[in-house]
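Survey of secondary and tertiary structure
As a plain string of letters, each chain reads:
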Amino acid sequence: MATTAPAHPAHPVHPVDEVPPVRHLAAFGLQHVLAMYAGAVAVPLIVGGAMKLSPADLAYLITADLLLCGIATLIQCVGFWRFGVRLPIMQGCTFAAVSPMVLIGTTGGGLPAIYGSVIVAGLAIVLLAPVFGRLLRFFPPLVTGTVILIIGVSLLPVAGNWAAGGVGAKDFGEPKNLALAGFVLAVVLAVQRFAPPFLGRIAVLVGIAVGLAVAVPFGFTDFGGVGDADWVGISTPFHFGTPTFHASAIVSMLVVALVTMTETTGDLIAVGEMTDRKVEPRTLADGLRADGLSTVLGGVFNTFPYTAFAQNVGLVGMTRVRSRWVVATAGGILVLLGLLPKLGAVVAAVPAPVLGGAGLVMFGTVAASGLRTLAEVDFKGNNNLTVVAVSVAVGMLPVGVPTIYAKFPDWFQTVMNSGISAGCLTAIVLNLLFNHLPGKAGSAGSAAEPKAASV
């Protein structure tokens, strides 16, 4: 007794590195997969649909994407050498690349031109990772809290679209869809409040399972795709042809790379805050390097650029399950789904409103985590409130008015159409302007915070 008692208070193993029992790993991991699945398959669906690919090619893109999502997640969570942040981070295709890839694919280059530019962008991310790692000092709590808040709020419309039935659904906005989403939300909250601790941690999974059980008899589900799906599918390198390298395609994808690196930086810092393992310059560089490697693999194995998935940041904060091995298990499940298309088709049959109800809690949790970080910031006698106000406003513009930058050049749209990158860049610039540059007399209060933070 005397030898084991001190082990608990000492916490020799950080919660991030703890390995839960196998049954918990499976449940927590599946919860992460369900939270990100719809977002994961959206990019190949949009790009393949815009290029008018055949159903067989579309199915191939989706299984390739799921396989690489799993591999990218394992690289990020488990890590090897200087690749991987070793935090509970899910990886998925970035939406920032959708518009440029559709443009490249539909203006004569096709998929080989997309994959050529993706490979170059991935190599660029690997090379630039140490540079971004050194920028961590420009992310004090004022900036990180603002970015985390923007990540959460900008994801809420995604949950809203799911709750209404999914973008493009014939019954979009029908009261029955919103009722199902509301029911799932109520189940998640009830499980969190009244269930035993373990069930409380898988509240999202329980909510989705109960929602699915209710959705089946009411005709919300369509399992037709399960019968059509193959049992086994393996993505082979350069399935759609040898990559081609076009200067204009590469330039636009390099802009995407900078945007995704900015977004990933925000996500990694957010998870570091939630798990009490602060991200250091070296670990940030390792995480970005993993993004770059996964993006190169994406170009080789017929899929797209990879980045940290903000959807799952909310799940980490909500469940308070901090183990990276849980997310590594989710990566393993994604690899299985990529190799066994029939399993992927079963998961795909979960109705959008069920995901919407769960998403409202998860994405709201990210925003609330941002507010918690901002609570550490001193807002008295300085301009910090202005930094937050303007950054959130700029970040929300493309979310609230998606076509606001439609008349601007493509590179500008790539940067600013992502509310996360737009808000993040604004927060960094305004923090430098108000808190680091020499100011006018009487603004000493605004300069005090960074000095105190650096001591």
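Just so it is clear, the model here is predicted, and its values are computed rather than measured. (Residues numbered from 1 in each chain as written. Predicted model: local features only at pLDDT ≥ 70, side-chain atom pairs only at ≥ 80, totals over all residues. Heavy atoms only, no water.)

1. Let's talk about the overall build of the protein chain
- Within the protein chain one finds 20 helices and two strands.
- Looking at the protein chain as a whole, 55% of its 455 residues qualify as buried.
- Intrachain contacts of the protein chain at a sequence separation of at least 6 include 83% that bridge at least 24 residues.
- Within the structure as shown, the protein chain displays about 19300 Å² of accessible surface, and the carbon and sulfur contribution to it stands at 70%. (Helix = DSSP H or I, 4+ residues; strand = E, 2+ residues; numbered from the N terminus. Buried < 20%, exposed > 50% of the residue type's maximum accessible area, 1.4 Å probe, protein only. Contact = heavy atoms within 4.5 Å. Areas by Shrake-Rupley, 256 points an atom, 1.4 Å probe, with all protein chains shown as cover.)

2. A look at the nonpolar core
- By size, the foremost hydrophobic cluster in this structure holds 118 residues, and its most contacted members are V47, M101, I114, I208, M253, F304 and L334.
- Within the second largest apolar cluster, eight residues are counted, among which are L149, A367, V377 and V388. (Core = buried A, V, L, I, M, F, W, Y, C linked by side-chain atoms within 4.5 Å.)

3. Brief notes about the packing of helix α6 (residues 141-163) against helix α16 (residues 352-374)
- It is at 7 Å that the axes of α6 and α16 come closest, and there the two elements cross at 165 degrees. Classed by the angle they form, the pair α6 and α16 counts as roughly antiparallel. Crossing geometry of α6 relative to α16 is assigned as left-handed. (Axes fitted to C-alpha atoms, helices over the stretch in contact; angles between N-to-C directions. Parallel < 35°, antiparallel > 145°, perpendicular 65-115°, else oblique. Left-handed = near helix turned anticlockwise from the far one by under 90°.)

4. Details of the side chain of H32
- Inspection of the secondary structure assignment puts H32 in helix α2 (residues 22-50).
- Classification of H32 as buried rests on a relative accessible area of 4%.
- The contacts of H32, once residues within four sequence positions are left out, are M90, N312, L315, V316, V326, V327 and A330.

5. Details of unusual backbone geometry
- Of note, F238 is a non-glycine position whose phi angle comes to about 55 degrees, a positive value.
- With a phi close to 60 degrees, D276 is a non-glycine residue in the positive phi region.
- Relative to the assigned elements, D276 resides in the loop between α11 (247-275) and α12 (281-300).

6. Regarding helix α7 (residues 175-194)
- Spanning 20 residues, α7 covers 28 Å between terminal C-alpha atoms, matching the ideal 28 Å at 1.5 Å per step.
- Turning to α7, its buried residues are N177, L180, A181, V184, V187, V188 and V191. In a view along the axis of α7, the buried residues occupy a sector of 115 degrees, so they form one face of it. Seen from the buried face of α7, the exposed residues on the opposite side, beyond 90 degrees, are P175, R193 and F194. (Expected span 1.5 Å × (residues − 1). Arc of directions from axis to C-beta.)

7. Quick look at the packing of aromatic side chains
- According to the stated counting rule, one finds seven aromatic pairs in the structure shown.
- These aromatic residues form a ring-pair network of at least three members: F80, W81 and F83. (Phe/Tyr/Trp six-rings, centres within 6.5 Å; stacked < 30°, edge-to-face > 60°.)

8. Digging into the pattern of salt bridges
- Enumeration over the complete set of coordinates arrives at six salt bridges.
- A salt bridge links R82 to D286; its shortest N-O distance comes to 2.9 Å. Placement of R82 in the loop between α3 (55-77) and β1 (91-93) and of D286 in helix α12 is noted, with a sequence separation of 204 residues between them.
- Take D286: its relative accessible area is 5%, and that puts it in the buried class.
- Among the salt bridges present, the one from K278 reaches E273, with a minimum N-O distance of 3.3 Å.
- Among the residues examined, E273 registers a relative accessible area of 17% and is labelled buried.
- Linked by salt bridges that have partners in common, D17, R277 and R324 make up one network. (Salt bridge = Lys/Arg side-chain N within 4 Å of Asp/Glu carboxyl O.)

9. Side note on the confidence of the model for the protein chain
- Here the protein chain averages 81 in pLDDT, while 89% of its residues score no lower than 70.
- Mean pLDDT across the secondary structure elements of the protein chain bottoms out at helix α20 (residues 444-454), with 38, and peaks at α12, with 93.
- Taken as a whole, residues 1-9 scores under 50 in pLDDT and shows one contact with residues more than four places along the chain or in a different chain.
- When the criterion is pLDDT under 50, residues 441-455 qualifies, and its contacts beyond four places in sequence or with other chains add up to 13 contacts. (pLDDT = per-residue confidence, 0-100.)

10. A few points about a nonpolar patch on the surface
- A surface patch of nonpolar side chains, about 220 Å² in accessible area, is lined by L128, V131 and L258.
- Here L128 lies in helix α5 (residues 110-133).
- For L128, a relative accessible area of 34% gives the class partly exposed. (Patch = residues over 30% accessible without salt bridge, like charges linked within 9 Å, V, L, I, M, F, W, Y side chains within 5 Å.)

11. Looking at α12
- Between its terminal C-alpha atoms α12 stretches 29 Å, which fits the 28 Å expected from 20 residues at 1.5 Å a residue.
- Summarising burial for α12: 15 of the 20 residues are buried, a large majority.
- Of the residues trailing α12, N302 is marked for its positive phi of about 65 degrees.

12. Describing the side chain of T63
- Residue placement: T63 occurs in helix α3.
- Within the structure, the side chain of T63 is placed 3.0 Å from the backbone oxygen of Y60, a separation counted as a polar contact. (Polar contact = N/O pair within 3.5 Å; in protein donor to acceptor, adjacent residues only side chain to side chain.)

13. Observations concerning the state of the cysteines
- Evaluated as defined, the whole model comprises zero disulfides.
- The thiol sulfur of C69 is not disulfide-bonded, and the nearest other cysteine sulfur, from C93, lies at 5.4 Å.
- What makes C69 buried here is its relative accessible area of 0%.
- Look at C93 and you get buried, because its relative accessible area is 0%. (Disulfide = S-S within 2.5 Å.)

14. Description of the environment of T144
- Along the chain, T144 turns up in helix α6.
- For the pair T144 and L374, spaced 230 residues apart in sequence, the C-alpha separation works out to 8.2 Å.
- In this structure the side chain of T144 is engaged in a polar contact, spanning 3.3 Å, whose partner is the backbone oxygen of P141.

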